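Residue strings, one per chain:
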Number of protein chains: 2
Amino acid sequence: MTTARYEYDVDTAVEDLGDNRFLAQLSSGYSIGPYPNGGYLLAIVVSAMGKTTSLPDPMAVSAHYVSASKHRQSAGIDVEVVRAGRSYATLAARLHQDGTERMRVLATYGDLGAGDGETVELASPPELPPPEACLGRDALLQPPNALDAEIRNRFDVRFHPDTLGWRRPGGRTGRGEVGGWVRFADGREPDAQSLVLIADSMPPAVFDLAPGGWVPTLEFTVYIRARPSPGWLRAWFRTRHLRNGLLEEDGEVWDSAGVLVAQSRQLARLNRPVSTSGG
Amino acid sequence: MTTARYEYDVDTAVEDLGDNRFLAQLSSGYSIGPYPNGGYLLAIVVSAMGKTTSLPDPMAVSAHYVSASKHRQSAGIDVEVVRAGRSYATLAARLHQDGTERMRVLATYGDLGAGDGETVELASPPELPPPEACLGRDALLQPPNALDAEIRNRFDVRFHPDTLGWRRPGGRTGRGEVGGWVRFADGREPDAQSLVLIADSMPPAVFDLAPGGWVPTLEFTVYIRARPSPGWLRAWFRTRHLRNGLLEEDGEVWDSAGVLVAQSRQLARLNRPVSTSGG
């Protein structure tokens, strides 16, 4: 567990307890206020799942969040190999703390390097100004009524200057979008596994539609479509339907070669803004 | 199990064996060739899950397909109540036949009638000609090299005339879309539960991009966003990224009141067209 060089690898390392049971330490480095980011929790589960199958790639991962996890504490991850086929494996996992279940995950693993099927791509990566013309993570310095987001220190992000308008009074655009360039702050290159975290690495797009505080995820599904090439990723997230406080957020992550490498969707709840008067 | 008046209710009925274990009979009425439709299998699981929670609505349902189910045979459904909270419940289920697991499902249940959160809707229902100006299910009479799709007889569908071009040589548009009006053929009104089937009730949108035979689903997630009003639904499905034979299909279902009632996404594999020379 101690040879990893990069933050991501240290923070998603799991100890193998045998019988597909694993132990992890939940870092506070991916938290929004006191709450670990949902993509970070999923990355830990994927780290454990990867040790139970010989197939290299998570192709579809679905997480249902059961109760709020606590950072700076350990968590157990129990993996069940539902089926280990030649081309695909189905895995199930639960993450728990002190006997309380935190999340339940299903995954289909496969080999993104195999196969000779057809390719038709109708879309293209989001159009972005060069990274140096975008807004860096300092743009995310917290307004006084927001939860502190420690996760922003894990990524080098360069937001499209037309997004993040919600940080300024009257600057909300109403388009429900956020996006830009993203890579790990410490230079780690992306891989198929870490895309589940990168797909949840930006502030909620819903902040462009309505004010809010914590936006807890109920369900989060990520499709890994290709192994990413090294270098900057381009990510774009969009919320089009906020209904009675519930919202979907759809995301796309494209790699430096212009390949769509991940698609994400989550169902989340927009909680009211954190009060500035304490409590 | 025998009082249901409508096909859907008969075909998704489950017998309660106690201890959250259920038994169902897989109808052949929702099959594509010999394979039961993935949304139909999910509807059966939702039927069983609904009997294990007092919360009325499936809000997010994620299914991973483990092995091909067999129709005209019984299936067992075992439900686990992961957490039964006041506002949300998390449920897990497995569907199995003769000791072989067919699918694994996670669901978050809640009450779509509760809450007083904010609503911002950026989208609108798909624009469709009136049903009588659209293409009915006869338009789906099978080309000689396609699998017979018994499921088409369960629905009254009126496809947008600009879709389904793949049925004619040279008629493929390359837009990767299919959509139109849809309702149950026997007059049953839609509800939150049956939306998981309706969200998988049209031919694959990928047929508009490339020829194919069976398109087995690997993963299927449906968000139910509102309980549908009675009457025609409008559904639209889109595939934008076919990569190495794998594709996503995103769907939206809108009700007669113009409310988005379901969002679906699936990861599926485009198999080669069925040979016309037999075998």
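Calculation rules
Residues numbered from 1 in each chain as written. Chains lettered and ligands numbered in written order. Predicted model: local features only at pLDDT ≥ 70, side-chain atom pairs only at ≥ 80, totals over all residues. Heavy atoms only, no water. Least-squares fit on C-alpha atoms with pLDDT ≥ 70 in both. Contact = heavy atoms within 4.5 Å. Buried area = accessible area lost by both parts, 1.4 Å probe. Salt bridge = Lys/Arg side-chain N within 4 Å of Asp/Glu carboxyl O. Helix = DSSP H or I, 4+ residues; strand = E, 2+ residues; numbered from the N terminus. Pairing = 2+ DSSP bridges. Buried < 20%, exposed > 50% of the residue type's maximum accessible area, 1.4 Å probe, protein only. Polar contact = N/O pair within 3.5 Å; in protein donor to acceptor, adjacent residues only side chain to side chain.

Engineer: I would appreciate a short explanation of the relation of the copies chain A and chain B in the present structure.
Structural biologist: Copy one and copy two of the chain differ by a rotation about an axis and a translation along that axis. Here chain A sits on chain B after a turn of 180° about the axis and a move of 0.0 Å along it, with an RMSD of 0.0 Å. Taken together, the rotation and translation describe the operation of a two-fold axis. For chain A, the minimum C-alpha distance to the rotation axis belongs to Ser62(A) and amounts to 3.3 Å. Comparing contact sets, 100% of the residues at the interface of chain A also lie at the interface in chain B, consistent with an isologous, same-surface contact.

Engineer: Even after reading the chapter, I still don't get the interface of chain A and chain B, so can you show me in this structure?
Structural biologist: Note on interface size: it is often stated as the accessible area lost on association of the parts. If you look at the interface, chain A gives 63 residues, while chain B gives 63 residues. Each partner contributes to the roughly 5,400 Å² buried at the junction of chain A and chain B, and carbon and sulfur atoms together form 52% of this total. The three residues of chain A that bury the most area against chain B are Tyr223(A), Arg225(A) and Arg265(A), which together make up 13% of that side's buried surface. Taken together, the links from chain A to chain B amount to ten salt bridges. The partner of Arg265(A) in a salt bridge is Asp250(B), with the nearest N and O atoms 4.0 Å apart. The greatest single-element share of the side of chain A that touches chain B, amounting to seven residues, is contributed by strand S16 (residues 260-269) of chain A. Two elements, strand S14 (residues 241-243) of chain A and strand S9 (residues 120-121) of chain B, share two bridges in a ladder whose sense is antiparallel. Note on S9(B): the bridge partner recorded for Leu242(A) is Val120(B).

Engineer: I keep staring at the environment of Glu150(A) and nothing clicks. Help me out?
Structural biologist: All names here are of chain A. Residue placement: Glu150 occurs in the loop between strand S9 (120-121) and strand S10 (155-159). By relative accessible area, which is 28% here, Glu150 ends up partly exposed. Considering only alpha carbons, one finds Glu150 and Thr217, 67 residues apart in sequence, at a separation of 17 Å. Beyond its immediate stretch of four places on either side in the chain, Glu150 contacts Ser28, Gly29 and Ser31. At 3.5 Å, the side chain of Glu150 and the side chain of Arg154 are in polar contact.

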